[in-house]
Structures are given as C-alpha cells and as structure tokens.
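Residues per chain, in single letters:
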Amino acid sequence: PETITVGELAERMKKPAAEVIKKLMLLGIMASVNENLDFDTASLIAEELGCTFEKEIILTDEEKLFNDVEDAPESLKPRSPVVVVMGHVDHGKTSLLDCIRNTNVTEGEFGGITQHIGAYRVRVGDKKITFLDTPGHEAFTAMRARGALVTDIAILVVAADDGIMPQTIEAINHARAAEVSIIVAINKIDKEGANPDRVRQELTEHGLVPEEWGGDTICVEVSAKKGTNIDQLLEMVLLVAEMKELKANPDRPAKGTVIEAQLDKGRGPVASVLVQNGTLRVGDLVVAGTAMGHVRAMNDDKGRSVKKAGPSIPVEILGLSEVPEGGDVFYVVEDERKARAVVENRKFKEKQERQKKTTTVSLDNLFEQI
Ligand code: GDP
Ligand code: MG
C-alpha cells in the first residue's frame, strides 16, 4: 500500500514527529504518530519541512526496488535440484548426508575435503544435486516460517526398525505444506528387526502410498551405515527432479536465500547462501535482511575460492556489513542508494517492532503493580 506513517516519515526526515503533526494540523489534518499518510500528503509535508521526498524509496514495496521481475520463458535453463533430508531424530539423517557426501566426492577433485557451508553438491553421472545439510529440518522449518522456499525435494528418512514417529509426521506435514516432493528412504535395513513393509504400511496410513503398492510415493530401502542403495536413492532424486522440470535464469542479477550465517573472528560476517536465480559474482552489491555489502570473496562447498555461482549453487560469501539470519532472502542490487534506503527502512521497522514489544511488556507490568 502506498502509505507511510507519520512516525516513519518523521524518522526518515530526521525531524521530530511533533513537527510533522504540527504541519499536518496547519493543513487541517489531525493525525497521530501511527496515522497512515498517503503519498501526496507525505510529499507535501516533506516539502514544507524542506526535505525532498522520494516516493520510490519510501513508499513502494521494497522488493520492487530489486530485480524481482519475471523471467522470459526462453531465458530459463535447467538447474539442479535442491534437496533437504528430514525425519525423526536418530533415524539416520546425518548418517545419510555424510554417506552421500563421502561416496560422491570425485577422486582427484581439488581439496576433496568438504567445507561445511550448510549445503553441498554431489555429482551423479553428468548431473548434480544440491543437499542442504543444515541441522535437520529445524533450518528448513525456520526458513519456511519466514516464507523462504528453498527446496524442491525432501528425502524423508524412516528407520526400518522404528517406523513412523512424531517428527516423521511433522516432516511430512512440513513438506506437504511447502509443496515439496517427498521421496522416502527406508533406512537401517541392515539392522536386525528391520521391517520395511511395516514402514510402508504406516506411510500408507499417512497418505503416502508406496509405488509398489499402487501409489505414487517412491520408497528406497537403504542403509546409510553400509552405503546400501544410496546410488538408487540418488537416481530417484534425479528422476523426480526431471519430472519437475526445474529451471532458472542464470543471466540476471542473483537472488536466493541465506542458509546460515555467523560472525567469524578473522573474516567478519560470513553467510552461506543458496543462489536460486541469476548468477552471483564477486563484487556484487548484496542486500540480505538488514545486512548489505559488496561480495568480497566467495567459497564453494569444497573450500575453493570462486568468482561466480549460478542457480542451485551454494556458496559462502564475505563482505556483508552484519550477520543476516538464516532464511533471509538476498538480492543483488544495482543502485547502492536504494539498497541503503531499503536496509534503513527494515532497521527502522525492526526497531519499531522492538519498541512495540517493550511497550506491551511495561503496560502489563503496570497492571500487575496496580
Ligand atoms: P539423525 O538424528 O537422524 O541425524 O541420526 P544419525 O545419523 O545421527 O543416526 C543415529 C544413529 O543411527 C547413529 O548411531 C547411526 O550410526 C545409526 N545409523 C544411521 N543409519 C544407520 C543404518 O543404516 N544402519 C544402522 N545399523 N545404523 C544406522
Ligand atoms: Mg543428525
């Protein structure tokens, strides 16, 4: 909506809100700090107070400032799938991710030892798959709560000796709500007491009918411990990915999501990001949440320094002004002035939220005292 509150307008002009309210009164408008002003009124007041009012910075949806335009169909190229591993605790998520990573590090590949950047890529034949390996589905849940859709396929790990458990059901619900395709890895088939058919039965009870039982849920019996059928599981991931016809436009400024981020003593804020569209390059100006900055350096999941990263590629970036949050969307922005305005606007809103919370708390305290 093309409006701005009196308080926000005052803050942007670095003037006291009372001054804005006074000017409005002179125009016959009685307004409180939280009152919404339309663009015409706001620009009039700004002018009266000797400020230039830039509509496109203050009033339009901030995302429009960026490059979020629809891609022409002919600009879209195939991209590799992004996969998350979900499931109940101790069913083997970490083991499966480790197993996939270790068996698919191409011999002679530089470094070879993978770097933890929250995601990694493996090669299967002439194709690649990106796996998120942020701790379990907490990261996925957090990202989804913030509206970030990063994954195409979820591998649901179910231990064959344990069956469907509460967190399995939670994972199913999350994947469904996010409209992510589910592939089931029935794990620990090497274990005594493993009962894959019981898992199939329970899956059916939760609306996931296995293919071999006439449904459309792909199930693969695996052992993450012994490495059994991992190749087959990866083949299924590629099959599902192919059916989804995943595409992106590599020839545009990048957009994606922050997977995780932290402050590194020597390197400053470090953010692992997944490029979802476009190509990210060293030197690009990036905005992520309330962080911004030119990308000073990028590293891939093998710890190699890279100059660019296209769709579905995770990289670690250096050069941000502060640490963004996992799930923050990042954009490459061309206009530094606009980027700064958006970041300031976001910070202002955050501050407002915080103040609102403090006010509520103190009012409660007041009543308690009475
Ligand atoms: P997560 O909590 O889902 O990440 O589960 P982990 O990967 O940490 O695995 C939990 C336990 O199950 C560990 O002791 C693993 O060694 C064991 N485990 C995982 N996969 C298998 C498997 O395929 N076979 C057997 N026998 N044990 C497994
Ligand atoms: Mg784990």
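As recorded in an unreviewed UniProt entry, the protein chain goes by Translation initiation factor IF-2 and comes from Ructibacterium gallinarum.

Visitor: Sorry if this is basic, but what is going on with the side chain of Asn249 here?
Guide: As for its position among the elements, Asn249 is in the loop between strand 10 (247-248) and strand 11 (255-264). For Asn249, a relative accessible area of 6% translates into the label buried. A distance of 2.9 Å separates polar atoms of two side chains, one belonging to Asn249 and the other to Asp71. With residues up to four places along the chain from it excluded, the contact list for Asn249 reads Asp71, Ser75, Leu76, Asn277 and Gly278.

Visitor: How do you make sense of the site of ligand 1 when you look at a structure like this?
Guide: Lining the immediate surroundings of ligand 1 are 15 residues, of which Asp90, Lys93, Thr94, Ser95 and Asp190 lie closest. Within the side chain of Thr94, one N or O atom sits 2.8 Å away from an oxygen atom of ligand 1. Ser95 places a polar side-chain atom, nitrogen or oxygen, 2.6 Å from an oxygen atom of ligand 1. Protein chains bury 73% of the 580 Å² of accessible surface belonging to ligand 1 in isolation. For the shell around ligand 1, the element with the highest residue contribution is helix 5 (residues 93-103), accounting for three residues. Of the residues assigned to the shell around ligand 1, the class counts are two nonpolar, seven polar and six charged.

Visitor: Honestly, the layout of surface pockets in this entry has me stumped. Any pointers?
Guide: The gaps of empty space that remain are located by a probe, the size of a water molecule, rolled over the atoms. Space inside the largest pocket adds up to approximately 520 Å³. Taken together, 28 residues line the largest pocket, and the ones lying closest to its centre are Arg79, Leu149, Lys247, Gln276 and Asn277. Listing elements by their share of the lining of the largest pocket, those giving two or more residues are strand 10, strand 11 and strand 12 (268-277). In terms of residues, the lining of the largest pocket owes the most to one element, strand 12, which gives four residues. Across the lining of the largest pocket, the residue classes break down as twelve nonpolar, six polar and ten charged.

Visitor: How should I be thinking about the pattern of salt bridges in this particular structure?
Guide: For the structure shown, the criterion picks out 19 salt bridges. Where Glu322 meets Lys347, a salt bridge forms, and the shortest distance between an N and an O atom there is 3.3 Å. Remark: Lys347 occurs in helix 10 (residues 336-369) and Glu322 occurs in the loop between strand 19 (314-318) and strand 20 (329-332); sequence separation between them is 25 residues. Assessed through its relative accessible area of 26%, Glu322 is described here as partly exposed. Beyond isolated ion pairs, a larger network of salt bridges with shared partners links Asp197, Arg200, Glu212 and Glu221.

Visitor: Where do I start with the environment of Ala194 in this structure?
Guide: In this fold, Ala194 is placed in the loop between strand 8 (181-187) and helix 8 (196-205). In this structure Ala194 comes out as partly exposed when scored by relative accessible area, which is 26%. In this structure, the C-alpha to C-alpha distance between Ala194 and His91, residues 103 residues apart in sequence, is 12 Å. Look past the residues within four positions of Ala194 in its chain and what remains in contact with it is Ala160, Asp161, Lys188 and Ile189.

Visitor: Just checking my understanding: could you explain the sheet that holds strand 11 for this structure?
Guide: In any sheet, the strands associate via hydrogen bonds between backbone groups, in a parallel or an antiparallel arrangement. Pairing within the open sheet is antiparallel, and its eight strands lie in the order 15-14-20-11-12-19-16-17. Of all the strands in the sheet, the pair left with one neighbour each is strand 15 (291-294) and strand 17 (305-306). Here two bridges tie strand 16 (residues 297-299) to strand 17, and the two strands are oriented antiparallel to one another. Across the sheet, Asn299 pairs through a bridge with Ser305, a residue of strand 17.

Visitor: Just to check I follow, could you spell out the sheet that holds strand 4 (residues 82-87) for this structure?
Guide: If you walk across this open sheet you meet the six strands as 5-6-4-7-8-9, and the pairing is mixed. Looking at which strands have only one partner, the edges of the open sheet turn out to be strand 5 (119-124) and strand 9 (218-221). Ignoring which end each strand starts from, the neighbouring axes of this sheet average 30° apart. Alignment of strand 8 against strand 9, held across four bridges, turns out to be parallel. By the bridge assignment, Val184 is partnered in strand 9 with Cys219. Against the sheet, helix 8 engages strand 7 (153-159), strand 8 and strand 9, with an angle of about 150° to strand 8.

Visitor: Explanation requested: the nonpolar core in the structure shown.
Guide: When a protein is soluble and globular, its nonpolar side chains tend to lie buried together. Counting 28 residues, the largest nonpolar core has Leu96, Ile100, Ile129, Phe131, Ile155 and Leu233 as its most contacted members. Those elements giving two or more residues to this core turn out to be strand 4, helix 5, strand 5, strand 6 (127-132), strand 7, strand 8, strand 9 and helix 9 (230-244). Counting residues per element, this core draws most heavily on helix 9, at seven residues. Aside from chain neighbours lying at most four places away, what touches Ile129 is Ser80, Pro81, Val83, Tyr120, Arg121, Val122, Val124, Leu234, Val237 and Leu238.

The rules behind these values
- Residues numbered from 1 in each chain as written.
- Chains lettered and ligands numbered in written order.
- Predicted model: local features only at pLDDT ≥ 70, side-chain atom pairs only at ≥ 80, totals over all residues.
- Heavy atoms only, no water.
- Helix = DSSP H or I, 4+ residues; strand = E, 2+ residues; numbered from the N terminus.
- Buried < 20%, exposed > 50% of the residue type's maximum accessible area, 1.4 Å probe, protein only.
- Polar contact = N/O pair within 3.5 Å; in protein donor to acceptor, adjacent residues only side chain to side chain.
- Contact = heavy atoms within 4.5 Å.
- Near = heavy atom within 4 Å.
- Areas by Shrake-Rupley, 256 points an atom, 1.4 Å probe, with all protein chains shown as cover.
- Nonpolar A, V, L, I, M, F, W, Y, C, P; charged D, E, K, R; others polar.
- 1 Å grid on protein atoms, 1.4 Å probe; cavity = no way out; pocket = protein on both sides within 12 Å on 5 of 7 lines; lining within 4 Å.
- Points joined across faces, edges and corners; volume = space filled by probe spheres on them.
- Salt bridge = Lys/Arg side-chain N within 4 Å of Asp/Glu carboxyl O.
- Pairing = 2+ DSSP bridges.
- Axes fitted to C-alpha atoms, helices over the stretch in contact; angles between N-to-C directions.
- Core = buried A, V, L, I, M, F, W, Y, C linked by side-chain atoms within 4.5 Å.

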